[in-house]
Amino acid sequence: MSYRIGLVGKPSVGKSTFFNAATMNDVPEGAYPFTTIDPTVGEAYVRVDCAAPEFDETCTPSVGVCRQGTRFVPVKLVDVAGLVPGAHEGRGLGNQFLTDLNETDVLIHVVDFSGKTDIEGETTEGHDPREDIDFLEEELDEWYLDVLEKGLEKFETRYHGADAAIEEELAEQMSAFGIDKDRMKQVILAQGLELDPETWDDADKAELAREIRKRTKPMVVAANKMDTPEAQDNWEEITTDPDYDHLSFVPASAHAEKALKNADEAGVVDYTPGESDFEVVGDVSGDQAAGLDQIAEFVDEYDGTGVQGALESAVFDVLGCIAVFPGSANGSKDEKGVFRDCFLLPEDSTTEDFAFHIHSDIGEGLLHGTDCRNGRQVGTDHELSHRDVIELISTKQAAP
């Protein structure tokens, strides 16, 4: 199972360019609404330091690639179409947009930080990017509130005057958002509310919906077009605004990332995605050299183009995922290859979680694990760490 990152943004902010730069897929790009109509799913990658060199081995990845000791582990990137004000009321692509969005684990909101597109995606000057950030959050909050209120109505109808657990009814109503009754109860209490919806006013309900949304649909803001002075001015103002402390921001230039990947494929530059520099290795014209110089200044200033950074911020910082390598007794090899796999798991995953993630048969027969770096046995409830190399000892083998 790959994590799914939802790529969202109003029309004409460079979302499709970001998607193409991240996946090198050929989806339409254009400065007009709904360039993307149906969600496009591509394969992007996050970087993990490969464990193979520590065992004096060269890995043979079954998926992704490894470049100079950096493993590129695949994730799904979903280019979701239809974000316009009023989406929760069915405007634009409306409900389809929200359905597609809900099938993702984390969001990257591509925002034009240059302020040169208005709230509808039309060309303008001096637009405040905060309006774009706010309207996405407000659309999602209204969506969550609609679902929450339906749950409250069902609770009132079903259990009027009875002793019942509100967290169970709301968790059932909002289960599509990946929240269970225990987590629902935790959120309700964390908001300082009683487990009695009759004591909640409209503001309480709105704040509860917002908090559930923040916990179940976390978000990274890709501050796109940061290679413009207007965007750089907006960056300083917005990222220091305490109203946005709950969000992660990554400065980005999707155009620069795509240009570098195209140049790398053409043999003009040697570039590894996510790096803060590159080397010109082919013949370039004067205009090309000038363009590459500008990109070089940008990636040096911002430690990369930000496309790779946004993906990794979403997976590792916001979701808190860890990468784990399956190993064998010598820490590296199995009958199919050397360090073939690297899996992304939720934080706090245990040896048992890892076993079931690979295959249910292995999980059902799990006896214990072995930490391949030190040879020590670890229990089924042992909490794993990022970049662990674990051999799973099981009475069962995965079905072929």
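The structure this text deals with has already been given above.
Note that the structure is a prediction, hence the values are computed from the model and not measured. (Residues numbered from 1 in each chain as written. Predicted model: local features only at pLDDT ≥ 70, side-chain atom pairs only at ≥ 80, totals over all residues. Heavy atoms only, no water.)

On a plain count of helices and strands, the protein chain comes out with 12 helices and 16 strands. Looking at the protein chain as a whole, 50% of its 400 residues qualify as buried. Looking at the protein chain alone, contacts between residues at least 24 apart form 67% of all its contacts between residues at least 6 apart. (Helix = DSSP H or I, 4+ residues; strand = E, 2+ residues; numbered from the N terminus. Buried < 20%, exposed > 50% of the residue type's maximum accessible area, 1.4 Å probe, protein only. Contact = heavy atoms within 4.5 Å.)

This part takes up the sheet that holds strand β16 (residues 388-394). Pairing is mixed in the open sheet, where 5 strands are placed in the order β13-β10-β16-β14-β15. Of all strands in the sheet, those bounded by a partner on one side alone are β13 (343-345) and β15 (376-378). Strand-to-strand twist in this sheet, taken as the mean axis angle between neighbours without regard to direction, amounts to 40°. Relative to β16, strand β14 (residues 366-371) is paired through 5 bridges, and the arrangement is antiparallel. Counted as the bridge partner of Asp371 is Ile390 from β16. (Pairing = 2+ DSSP bridges. Axes fitted to C-alpha atoms, helices over the stretch in contact; angles between N-to-C directions.)

Here we take up the packing of helix α4 (residues 166-173) against helix α5 (residues 181-190). Contact geometry for α4 and α5: axes closest at 8 Å, N-to-C directions at 115°. As the angle between them shows, α4 and α5 are arranged roughly perpendicular. Of the two elements, α4 crosses α5, and the hand of that crossing is right-handed. Together, Ile166, Glu167, Glu168, Leu170 and Ala171 of α4 and Lys181, Met184, Lys185 and Ile188 of α5 make up the contact between the two elements. For the contact of α4 with α5, the class distribution of residues is 5 nonpolar, no polar and 4 charged. (Parallel < 35°, antiparallel > 145°, perpendicular 65-115°, else oblique. Left-handed = near helix turned anticlockwise from the far one by under 90°. Nonpolar A, V, L, I, M, F, W, Y, C, P; charged D, E, K, R; others polar.)

A separate point is the side chain of Lys10. Position of Lys10 among the secondary structure elements: in the loop between β1 (4-8) and α1 (15-23). Of note is the side chain of Lys10, whose polar atom sits 2.7 Å from the backbone oxygen of Thr117. A distance of 2.6 Å separates a polar side-chain atom of Lys10 from the backbone oxygen of Asp118. (Polar contact = N/O pair within 3.5 Å; in protein donor to acceptor, adjacent residues only side chain to side chain.)

A separate point is the pattern of salt bridges. Should their charged atoms come close, side chains of opposite charge can pair. All told, the structure shown has 22 salt bridges when counted by the stated rule. Linking Glu169 and Arg158 is a salt bridge whose minimum nitrogen-to-oxygen distance equals 3.3 Å. Here Glu169, found in helix α4, pairs with Arg158, found in helix α3 (residues 129-159); they are 11 residues apart in sequence, far enough to count as distant. By relative accessible area, which is 46% here, Arg158 ends up partly exposed. Here Lys214 makes a salt bridge to Glu211, at a shortest N to O gap of 3.9 Å. Here the residue Lys214 and the residue Glu211 both occupy positions in helix α6 (residues 202-216), the gap between them amounting to 3 residues, near one helical turn. Looking at Glu211, the relative accessible area reads 16%, which means it is buried. Through salt bridges with shared partners, one network takes in Asp128, Arg130, Glu237 and Asp241. (Salt bridge = Lys/Arg side-chain N within 4 Å of Asp/Glu carboxyl O.)

Moving on, we come to the nonpolar core. As a rule of thumb, soluble globular proteins bury nonpolar side chains together. Within the largest apolar cluster, 54 residues are counted, with the highest numbers of intra-cluster contacts made by Phe113, Met174 and Phe249. With 10 residues, α3 is the single largest residue contributor to this core. If near-sequence neighbours (up to four positions away) are discounted, Phe113 is found in contact with Pro129, Ile133, Val221, Ala223, Asn224, Met226, Glu230, Ala231, Asn234, Trp235, Ile238 and Phe249. Of all hydrophobic cores here, the second largest spans 42 residues; its members include Phe19, Val48, Val106 and Ile108. (Core = buried A, V, L, I, M, F, W, Y, C linked by side-chain atoms within 4.5 Å.)

With that settled, the discussion passes to the environment of Leu384. Examined against the element boundaries, Leu384 turns out to sit in the loop between β15 and β16. Along the sequence, Leu384 and Pro346 sit 38 residues apart, while their C-alpha atoms lie 9.9 Å from each other.

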